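# Structure assessment
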Amino acid sequence: VQTPEGMRDRFNIEVRVQCEVKRIIRDKKSVELYSHATGKTYYESYDRLVLSPGAAPFRPDIPGLDHPHVFTIRNIPDTDAIKEFVDQVKPERVVVVGAGFIGLEMAENLKRRGVSVIVVELADRILTPLDFEMSALVHRHIMEKGVNIIRGKGVRELHHEDDWIVAELTDGTRLNADMVILGLGVRPEVGLARDAGLELGATGGIAVDEYLRTSDPDIYAVGDVIEVKDFVTGNPVLIPLAGPANKQGRIVANNICGREEKYTATQGTAIIKIFDLAVAVTGLNEVALKRYGITYAKSVTHSTSHATYYPGASGLSIKILFDPDSGKLLGAQVVGGANIDKTIDAFSIAMRAGMTVFDLEKLELSYAPPFSNAKTPVNIAGYVAANMLRGDVAMYYWDEVEAIDKDTSVLIDVRTPLEYKMTGTIGGAVNIPVDYLRQRLDEIPKDKDIYVFCEIGLRAYVACRILMQKGYKVKNLSGGYKTYGAAYKMLNNIV
């Protein structure tokens, strides 16, 4: 985005390209440099040193990664190399290893070039910052776009046969490909810091204090190479994101110039576009909360990006996690079409401000039919979560359905008969539309637990309130059949 000449002319900053720092000599406050342009080694002194080497793509220790048709992606030259290969060789089949942000972006772009793409992911779901049921919504969309996804298997070996690279998976499956792209995440480039004797953190990144100083007070570090504090837990983590890295650069500049400023913590707010969907996260998911032993409650809601009577509205699926006592927000995940960015940003700001789900109810957010709803998706998420904490409704979740005892319980699908017939239902469910519920109460036994669901949860909430006022013990399915159906299909590999 800039040239050395541009930096010199505008900012009086000297930028040396094709120049590599070989080592840091801390006792002399100097660095050893090697110029790839001239082949010469030389030294420069420093008053303050800032380390920002970033992170390198993770390359697992498996045979065959040195093949010329195997690519990793970190920077513009990597992108150019992949594009040149696609332009010249015109591969027909590509295996992408890893279903994180980079892997799925590569899969989309290759598919748009007309390439057959298979994504291989060792985890049980794609986009692991999402929880399973939210990942399932994205999984379904990508499969519908013609990208094949293999979950729960890793690549054991890559080898060359005839004109193919053969990716052999951990279960013995063999995938033929013209090229393989690794999208397995990154590791911090700590070699310089380690060799200089700077302290590394428990996660493997460079340890820094709140002013972003390393264990040497004259050396700072920023970006993907450092270990940061997680906003929710306070624990050390690696979160390689551009937003935090840019903020850290400004903070270090201030500190070097005598304007003291602290970097507090990283939330991990991120967003990605995949075909016609956007996916965004902030804070922690269920997996992380369980790992840290944090008690939480959760809610899934489905809203629309703006008023449905105005053309172009698209769906927004939202999952929030929050403290079951205080209602304090711990994390949010959003999947859908338009307005994802402003939705996740609202949750991110609310988290940073220490807000609760009760505060989400009260947020005054902009509304006009082309832009949102009078009760925005963020408000709706707050209403549903607050209703739970007030005891207005009890919830059950998609992964609890299988364990429901049909002898002591009744499942009621309160959608219309057409929905019940055309879109499927949960096995054993009885169809009693919510608008006929009061007239058919005699069909519902009072000595059994009642589990109600509809498409997204709203009609079932109304049904729950009706039944509760009649003395029934009842629960609503969080996120409705839309959430359950997507998760059930991915869990059971139903296309």
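Note that the structure is predicted; figures quoted are calculated from it, not measured. (Residues numbered from 1 in each chain as written. Predicted model: local features only at pLDDT ≥ 70, side-chain atom pairs only at ≥ 80, totals over all residues. Heavy atoms only, no water.)

### Here we look at the overall build of the protein chain
How we decide: Secondary structure elements are taken from DSSP: a helix is a run of H or I of four residues or more, a strand is a run of E of two residues or more, and numbering for both begins at the N terminus. Any residue under 20% of the maximum accessible area for its type is buried, any over 50% is exposed, and the rest in between are partly exposed; the area is computed with a 1.4 Å probe on protein chains only. We call two residues in contact whenever any of their non-hydrogen atoms come within 4.5 Å of each other. Reported accessibility uses the Shrake-Rupley method at a 1.4 Å probe radius. Residues are deemed covered only where the shown protein chains occlude them. None of His or the chain ends enter the tally, which takes Lys and Arg as positive and Asp and Glu as negative. All charge positions are set by atom: Lys at NZ, Arg at CZ, Asp at CG, Glu at CD.
Looking only at helices and strands, one finds 13 helices and 27 strands in the protein chain. Here the C-alpha coordinates of the protein chain stretch approximately 90 × 60 × 40 Å along the principal axes. For the protein chain, with 495 residues in total, the buried portion stands at 47%. Excluding contacts between residues fewer than 6 apart, the proportion of contacts in the protein chain whose partners are at least 24 apart in sequence is 58%. With an accessible surface of roughly 24700 Å², the protein chain has 50% of that area assigned to carbon and sulfur atoms. Counting 58 positive and 64 negative side-chain charges, the protein chain places the averaged centre of each group 4 Å from the other.

### Some points on the nonpolar core
Worth spelling out the cut-off: What makes a nonpolar core is a set of buried Ala, Val, Leu, Ile, Met, Phe, Trp, Tyr and Cys residues whose side-chain atoms join them at distances within 4.5 Å.
If you look at the biggest cluster of nonpolar residues, it comprises 51 residues, and the most contacted ones within it are Val119, Val138, Ile142 and Ile274. Here the element with the most residues in this core is helix α4 (residues 132–144); it accounts for six residues. Apart from residues no more than four positions distant in its own chain, valine 138 is found in contact with Ile126, Leu127, Leu130, Ile274, Leu277, Val279 and Val335. Judged by nonpolar contacts, the second largest core, of 44 residues, contains Ile344, Ala346, Val410 and Cys464.

### Regarding helix α13 (residues 480–491)
Note the following rule: What a helix is expected to span follows from its residue count: subtract one and scale by 1.5 Å.
Compared with the 16 Å implied by 1.5 Å per residue over twelve residues, the 17 Å span of α13 between its first and last C-alpha is a close match. Along α13, the residues that are buried comprise Gly480, Tyr481, Thr483, Tyr484, Gly485, Ala486, Ala487 and Met490. In this structure, the buried side of α13 is in contact with α4, β9 (148–151), β20 (297–304), β26 (449–453) and β27 (474–477). A positive phi of about 55° marks asparagine 493, the residue just after α13.

### Points about the layout of surface pockets
In this approach the atoms are scanned with a rolling probe the size of a water molecule, which exposes any empty space left behind. To be explicit about the condition: A cavity, in this analysis, means grid points on a 1 Å lattice covering only the protein atoms where a 1.4 Å probe fits yet has no way out; a pocket is instead an open set bounded by protein on both sides within 12 Å along at least five of seven lines, and a residue lines either one if it has an atom within 4 Å of a point. Grid points are joined across faces, edges and corners, and a volume is the space filled by probe spheres set on the points. Side-chain classes are defined by residue name, with Ala, Val, Leu, Ile, Met, Phe, Trp, Tyr, Cys and Pro counting as nonpolar, Asp, Glu, Lys and Arg as charged, and the others, Gly among them, as polar.
In this model, the second largest pocket occupies a volume close to 1000 Å³. Lining the second largest pocket are 23 residues, with Val21, Val50, Leu51, Ser52 and Pro53 positioned closest to its centre. Where the lining of the second largest pocket is concerned, the elements lending two or more residues are β1 (19–25), β2 (30–35), β3 (41–45) and β4 (49–51). Partitioned by chemical class, the residues of the lining of the second largest pocket number 14 nonpolar, three polar and six charged.

### Some words on the domain arrangement of the protein chain
Where we set the bar: Where each domain starts and ends follows an automatic or database-derived domain assignment.
Taken domain by domain, the protein chain holds domain 1 (1–46), domain 2 (70–186), domain 3 (270–392) and domain 4 (395–478). The gap between the C-alpha centroids of domain 1 and domain 2 is 37 Å.

### Quick word on empty space enclosed by the protein
Inspection of the entire model under this criterion finds one cavity of 30 Å³ or more. Of the pockets and cavities examined, the largest cavity occupies roughly 30 Å³. In terms of lining residues, the largest cavity is bounded by Gly223, Asp224, Ile226, Val228, Ile239, Pro240, Leu241, Pro244, Ala245 and Gln248. Among the elements that make up the lining of the largest cavity, the one with the highest residue count is helix α6 (residues 242–256) (three residues). When the residues that make up the lining of the largest cavity are grouped by side-chain class, the tally is seven nonpolar, two polar and one charged.

### Remarks on the sheet that holds β26
To be explicit about the condition: Pairing between two strands requires that DSSP report at least two bridges joining them. Axes here refer to lines fitted to C-alpha atoms; in helices the fit is confined to the stretch in contact. Angles between the N-to-C directions go from 0 to 180 degrees.
With parallel pairing, five strands are arranged side by side in an open sheet as β23-β27-β26-β24-β25. At either end of the open sheet lies a strand with only one pairing partner, and these are β23 (394–396) and β25 (430–431). Examined bridge by bridge, strand β24 (residues 409–413) and β26 share five bridges and lie parallel to one another. Directly across from isoleucine 412, in β26, lies its bridge partner valine 452. Where helix α12 (residues 458–469) meets the sheet, its contacts fall on β26 and β27, and the angle it forms with β27 comes to roughly 180°.

### Topic: the UniProt feature "domain: Rhodanese" (unreviewed entry) in the protein chain
Quick note on the threshold: UniProt positions are given in the numbering used here, feature names are shortened, and annotations may be inferred rather than shown by experiment.
Per the UniProt annotation, the sites labelled "domain: Rhodanese" (unreviewed entry) are residues 405–493. Secondary structure content for residues 405–493 is 34% helix and 18% strand, while the C-alpha to C-alpha distance between its ends is 25 Å.

### Examining α4
Helix length check: α4, at 13 residues, gives a terminal C-alpha distance of 18 Å against a target of 18 Å (1.5 Å per residue), a fit within 8%. Most of α4 is tucked away, with ten of its 13 residues classed as buried. Backbone geometry just downstream of α4 places glycine 146 in the positive-phi region, at approximately 95°.

### Here's the deal with the packing of α4 against α13
Helix-helix packing is described using two parameters, namely the angle between the two axes and the distance between the axes. Basically, it comes down to this: Should an angle fall under 35 degrees it is called roughly parallel, over 145 degrees roughly antiparallel, and 65 to 115 degrees roughly perpendicular, with every other angle called oblique.
Relative orientation of the contacting elements α4 and α13 amounts to 75°, with a least axis distance of 8 Å. Between α4 and α13, the interaxial angle falls into the category roughly perpendicular. Where α4 abuts α13, its residues Phe132, Glu133, Ser135, Ala136, Leu137, His139 and Arg140 lie against Lys482, Thr483, Ala486, Ala487, Met490 and Leu491. Residue composition of the contact of α4 with α13, by class: seven nonpolar, three polar and three charged.

### As for the pairing of strand β21 (residues 315–322)
Along β21, seven of the eight residues are buried, which leaves the element largely enclosed by surrounding structure. Where β20 meets β21, eight bridges bridge the pair, whose relative direction is antiparallel. In the strand pairing of β21, lysine 298 is matched with leucine 321. Bridging between β21 and strand β22 (residues 329–336) involves seven bridges; their strand directions are antiparallel. Note on β22: the bridge partner recorded for lysine 319 is glutamine 333.

### Considering the pattern of salt bridges
Selection criterion: Throughout this description, the term salt bridge denotes a Lys or Arg side-chain nitrogen within 4 Å of a carboxyl oxygen of Asp or Glu.
Under the defined criterion, the tally for this structure stands at 31 salt bridges. Of the charged contacts in the structure, one is a salt bridge between arginine 26 and aspartate 216, with a shortest N-O distance of 3.0 Å. A residue pair is termed long-range when its members are at least 10 positions apart, and arginine 26 in the loop between β1 and β2 and aspartate 216 in the loop between α5 (191–195) and β15 (219–221) qualify at 190 residues. According to the relative accessible area criterion, arginine 26 is partly exposed, its value standing at 29%. Assessed through its relative accessible area of 9%, aspartate 216 is described here as buried. For aspartate 218, the salt bridge is made with lysine 29, and the minimal N-O distance between the two is 3.2 Å. Taken together, the positions of aspartate 218 in the loop between α5 and β15 and lysine 29 in the loop between β1 and β2 put the pair 189 residues apart, joining distant regions of the chain. Shared partners join several salt bridges into a network, and the residues in it are Asp131, Glu133, Glu286, Lys298 and Lys319.

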